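# What the coordinates show
Read off the chains here:
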Amino acid sequence: MSDHRSRFLQLALRADALRFGEFTLKSGRQSPYFFNAGLFNSGALLGELASCYADAIAAHGVGFDLLFGPAYKGIPLATAVACEFARRGRDLPVAFNRKEAKAHGEGGSLIGAPLGGRRVLIVDDVITAGTAIREALAIIRNAGGIAAGIVIALDRQEAVDPSVSRRSAAQTVADEHGLPVIAVASLSDLLEFAGSQAELVAQRERLLAYRAAYGSDAAA
């Protein structure tokens, strides 16, 4: 496993952003684990997380000119990643959207650098149904930007509807729009990581059972 994947999973455990137990997801599924990027809630944690994102982006080699954070969780994530790139010597413009357009002041629904003519990398936490990402892609297109790809923290590699297809939301978005979806880590990485950590070995069988029931073909 690459260093940034292992660092990210260790960081998620330390921040309590990655938990094991019994969790009811929005889909109604009973999951043996839960990920909440909102618990990277300090400057130090966000700085370490941004380093993992930046390493994942660099490892993929995607070309881009601007970072875009969809409201709400994408806003601090894109900002933190921009700060990390600046620390490494690349000063990137960053932008994000409001959930509701502002009618006074500067107005509009976009804040930050202009998107027009730029290759835009979307920074978010996860892709579940893909709705938020599709909205972000429409915002970028309408502002004259060019979507370059999507980077997320964790790819759960779950099929949206296993009875119909074993395609995940991330795979579906990537195929629909012809864009790379870069994950700092995935369910496959979590399984490998759990097998190498004595305190997590007991969780691995439950993770495997969940993958067998709901995993996408990418997780097989």
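The name given to the chain in an unreviewed UniProt entry is Orotate phosphoribosyltransferase, with the source organism recorded as Agrilutibacter terrestris. Recorded in UniProt for the chain, the comment headed Catalytic activity (unreviewed entry) runs: "orotidine 5'-phosphate + diphosphate = orotate + 5-phospho-alpha-D-ribose 1-diphosphate".

Before going further, it helps to spend a moment on the packing of helix 1 (residues 3-14) against helix 2 (residues 43-60). Put simply, helix 1 and helix 2 touch, their axes get as near as 9 Å, and they point 155 degrees apart. With respect to helix 2, the element helix 1 is oriented roughly antiparallel. When you trace helix 1 past helix 2, the crossing you get is left-handed. For the pair helix 1 and helix 2, the contacting residues are His4, Arg7, Phe8, Leu11 and Arg14 in the first and Leu45, Glu48, Leu49, Ser51, Cys52, Asp55, Ala56 and Ala59 in the second.

Evaluation of the coordinates by the stated rule reveals 7 aromatic pairs. Aromatic side chains Phe35 and Phe40 sit 6.2 Å apart centroid to centroid with 55 degrees between the ring planes, which places their arrangement in the tilted category. A relative accessible area of 11% means that Phe35 is categorised as buried. The buried category is assigned to Phe40, whose relative accessible area is 3%. A network of ring pairs unites the aromatic residues Phe8, Phe35 and Phe40 as a single cluster. Across from the ring centre of Phe64, 4.6 Å away, lies the NZ or CZ of Arg90, which sits over that ring. The ring of Tyr33 has Arg156 lying over it, and the distance from NZ or CZ to the ring centre is 4.1 Å.

Attention shifts here to the pattern of salt bridges. Under the defined criterion, the tally for this structure stands at 16 salt bridges. Its salt-bridge partner being Glu176, residue Arg134 comes within 3.0 Å of it at the nearest N-O pair. Here the residue Arg134 occupies a position in helix 4 (residues 131-142), and Glu176 occupies one in helix 5 (residues 169-177), the gap between them amounting to 42 residues. Close ionic contact of Asp175 with Arg167 constitutes a salt bridge, the shortest N to O distance being 2.1 Å. Owing to a relative accessible area of 52%, Asp175 belongs among the exposed residues under this scheme. Bridged by salt links that share partners, the residues Asp3, Arg7, Asp55, Glu84, Arg87 and Arg88 form one connected network.

Next up on the list: unusual backbone geometry. At the junction of Ala71 and Tyr72, the peptide bond is cis and its omega measures out at 5 degrees in the coordinates. Located in the positive-phi region is Asp16, a residue other than glycine, with phi close to 65 degrees. Residue position: Asp16 is located in the loop between helix 1 and strand 1 (18-24). On the accessibility criterion, Asp16 (38% relative accessible area) is partly exposed. Look at Gln157: it is not a glycine, yet its phi comes out positive at around 50 degrees. Within the element layout of this structure, Gln157 appears in the loop between strand 7 (146-155) and helix 5.

Here we come to helix 6 (residues 187-196). Within helix 6 the residues assigned to the buried category are Leu187, Asp189, Leu190, Leu191, Phe193 and Ala194. Elements that come into contact with the buried residues of helix 6 comprise helix 1, strand 1, strand 2 (30-35), strand 7, strand 8 (181-186) and helix 7 (201-214).

Burial of the side chains of strand 3 (residues 66-69) extends over both faces: Leu66 and Phe68 are buried on one face and Leu67 and Gly69 on the other. As judged from the 3 bridges shared by strand 3 and strand 6 (residues 119-123), these two strands associate in the parallel manner. Note on strand 6: the bridge partner recorded for Phe68 is Ile122.

By the definition in use, this model includes 0 disulfides. Here Cys83 is not disulfide-linked; the sulfur of Cys52 is the nearest cysteine sulfur, at 16 Å.

Within a regular strand, side chains alternate between the sheet's two faces. When strand 1 meets strand 2, the two strands line up antiparallel, connected through 5 bridges. Residue pairing in the sheet places Leu18 in a bridge with Phe35 of strand 2. Between strand 1 and the antiparallel strand that follows it, strand 2, lie 5 residues; Gly28 among them carries a positive phi value of about 95 degrees.

Reading the values: rules and limits
- Residues numbered from 1 in each chain as written.
- Predicted model: local features only at pLDDT ≥ 70, side-chain atom pairs only at ≥ 80, totals over all residues.
- Heavy atoms only, no water.
- UniProt positions renumbered as here; feature names shortened; annotations may be inferred.
- Axes fitted to C-alpha atoms, helices over the stretch in contact; angles between N-to-C directions.
- Helix = DSSP H or I, 4+ residues; strand = E, 2+ residues; numbered from the N terminus.
- Parallel < 35°, antiparallel > 145°, perpendicular 65-115°, else oblique.
- Left-handed = near helix turned anticlockwise from the far one by under 90°.
- Contact = heavy atoms within 4.5 Å.
- Phe/Tyr/Trp six-rings, centres within 6.5 Å; stacked < 30°, edge-to-face > 60°.
- Buried < 20%, exposed > 50% of the residue type's maximum accessible area, 1.4 Å probe, protein only.
- Lys NZ or Arg CZ within 6 Å of the ring centre and 35° of its normal.
- Salt bridge = Lys/Arg side-chain N within 4 Å of Asp/Glu carboxyl O.
- Pairing = 2+ DSSP bridges.
- Disulfide = S-S within 2.5 Å.

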